[in-house]
Structures are given as C-alpha cells and as structure tokens.
Amino acid sequence: MLNYLWAFMILIGIVYGAFHGTMAEISNAALESSKEAVTLCITMLGVMSFWTGLMQIAQKAGVIDSLTRRIMPFLRFLFPSLKHEKKAMQYISTNVIANILGLGWACTPAGLKAMEEMKKIQEHKQLPSHVASNEMCGFLILNISSLQLIPVNMIVYRSQYGSVNPTAIIAPAIVATLVSTLAGIVFLKIADIRSRPH
C-alpha cells in the first residue's frame, strides 16, 4: 500500500512540475536527494557498526547479563505469565536494554527472537498461533514506546544536517520516551486486568 502511495505522490509531483515548467528543479532535487540519501546511509552505517560493536563487547564483558538481572523484576511485573520462560525473557531484556541505549539496529534481532519464543509458548499451550497473545502485544507496545537514554539515530540525523548542538535532543528525548513508556505500561496493566477471567 505504501509503495502505491509513494508512487502516486511522485507522479503528482512530476505532472505538477511539467504543467508549471519546473521540471529542471524537480530533476535537480531528485539528484540532490539521491546524493544526500547515500551520504546519510554511509554515516548511519558507521554509527550502526560502532554501537552494534559496543553492544557485542558489552555482551561478552557480562554487562548485558548484569543489566538483565537488574531489569528482570520489572519485566516479570510486566509479563507475569512469562516469568518462568527464561529464553523469551532473555530476548525481551536484551531488546529493552538495546532500546534504552538507543541501539535500534541491535534490538531488532532480539525482538524477533522474543516474538518467535512467545509464538512457541503459545503453540505449546495449544492456543491459535495466528492470533497475537497478550504478551506479544505487550512486548510490541513496550518496544514501540522505547525509553531511550541516548537517542543515537536523532543525534546522527541532527549532526548530518548541520545542527550546532546535535546532542541537545537528549533531555527532550528522555522525557518524551519516558512518558510514552509509562503510558504503555499503564495501558498494558489495564488491558491485562480486563483480559482476566472474572
């Protein structure tokens, strides 16, 4: 659907430019944007490699295991039905930690593995596998709300586009993501209470 939407918007822009004699500006903008996109991708690749590498070092040094132990009570509070599912909880905690550190790229594999584990648990309980469980929905909400202490992506984008102080986004990002995470947690607990059999 999005592909059709983007194609439609591009087509409208070209037709509008043709009728108003601004095809040269459209061509220049397309070439400039392509060049900018490649430059941004190269910059992001460097930052992604750096932070993903740090995540691997932290994992081998035992930092991730230490942080996992610290946030496990919080995760058990959020996902009480998964408290005995060690593998799923491990993947969820890795995802949450990577999100908090602003490593969106590093958290995706752990998030996918967590979903796979939760699907296996659902199949083991002989529940329909084509329907997302409360835990899956809850994890997705937690992942999307994503409390971040270091918004790496935003800092890189701001730096790329010439911001005088790229790190000025840190405090507002912490406040915004903290509020969204708290709202997500409240919603999760309300939904959990409502879904319990009376």
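Attention here is on the structure that accompanies the text.

Calculation criteria
Residues numbered from 1 in each chain as written. Predicted model: local features only at pLDDT ≥ 70, side-chain atom pairs only at ≥ 80, totals over all residues. Heavy atoms only, no water. Helix = DSSP H or I, 4+ residues; strand = E, 2+ residues; numbered from the N terminus. Rg over C-alpha atoms; globule rule 2.2 N^0.38 Å. Buried < 20%, exposed > 50% of the residue type's maximum accessible area, 1.4 Å probe, protein only. Areas by Shrake-Rupley, 256 points an atom, 1.4 Å probe, with all protein chains shown as cover. Lys, Arg positive; Asp, Glu negative; His and termini not counted. Charge placed at Lys NZ, Arg CZ, Asp CG, Glu CD. Expected span 1.5 Å × (residues − 1). Axes fitted to C-alpha atoms, helices over the stretch in contact; angles between N-to-C directions. Parallel < 35°, antiparallel > 145°, perpendicular 65-115°, else oblique. Contact = heavy atoms within 4.5 Å. Salt bridge = Lys/Arg side-chain N within 4 Å of Asp/Glu carboxyl O. Core = buried A, V, L, I, M, F, W, Y, C linked by side-chain atoms within 4.5 Å.

Right, let's get into the overall build of the protein chain. Each helix and strand counted, the protein chain has 8 helices and 0 strands in total. Starting at the N terminus, the α and β elements of the protein chain follow one another as α-α-α-α-α-α-α-α. Taken over the C-alpha trace, the protein chain has a radius of gyration of 21 Å; the compact-globule value for 198 residues is 16 Å, which it surpasses by more than 25%. The burial tally for the protein chain puts 29% of its 198 residues in the buried class. Accessible area of the protein chain: about 13200 Å², with a carbon and sulfur share of 69%. Computing the positive centroid from 16 side-chain charges and the negative centroid from 10, the protein chain places the two 11 Å apart.

What follows covers helix α1 (residues 2-19). Helical geometry note: an α-helix holds 3.6 residues per turn, so side chains three or four residues apart project in the same direction. Taking 1.5 Å per residue, 18 residues should reach 26 Å; α1 reaches 26 Å between its end C-alpha atoms and fits that length. Two residues or fewer past α1, glycine 21 is found with a positive phi of approximately 65 degrees.

This brings us to the packing of helix α3 (residues 63-78) against helix α8 (residues 170-195). Orientation of α3 relative to α8, taken along the N-to-C sense of each, is 45 degrees, at an axis distance of 10 Å. With respect to each other, α3 and α8 are oriented oblique. Here Phe74, Phe77 and Leu78 of α3 lie close against α8, whose contacting residues are Ile185, Leu188 and Lys189.

Attention now goes to the pattern of salt bridges. Under the definition given, this model contains 2 salt bridges. Of the charged contacts in the structure, one is a salt bridge between glutamate 117 and lysine 120, with a shortest N-O distance of 3.5 Å. A residue pair is termed a helical-turn pair when its members lie 3 or 4 positions apart in one helix, as glutamate 117 and lysine 120 do in helix α5 (residues 104-124) at 3 residues. On the basis of relative accessible area, glutamate 117 is assigned to the buried category, the value being 13%.

Turning our attention to helix α4 (residues 86-100). Taking 1.5 Å of rise per residue, 15 residues should cover 21 Å, and α4 covers 21 Å from first to last C-alpha, within 8% of that figure. Of all 15 residues that make up α4, 11 are buried, and the element is covered over most of its length. All buried positions along α4 are accounted for by Ala88, Met89, Ile92, Ser93, Thr94, Asn95, Val96, Ile97, Ala98, Asn99 and Ile100. Glycine 102 sits one or two residues past α4 and shows a positive phi near 80 degrees.

On to the nonpolar core. By size, the foremost hydrophobic cluster in this structure holds 31 residues, and its most contacted members are Leu75, Phe79, Leu82, Ile92, Val96 and Met118. Of all the secondary-structure elements, those providing two or more residues to this core are α2 (23-60), α3, α4, α5, α6 (134-145), α7 (152-160) and α8. Top element by residues in this core is α4. It accounts for 7 residues. Setting aside residues up to four positions removed in sequence, methionine 118 forms contacts with Leu82, Ile92, Glu135, Met136 and Phe139.

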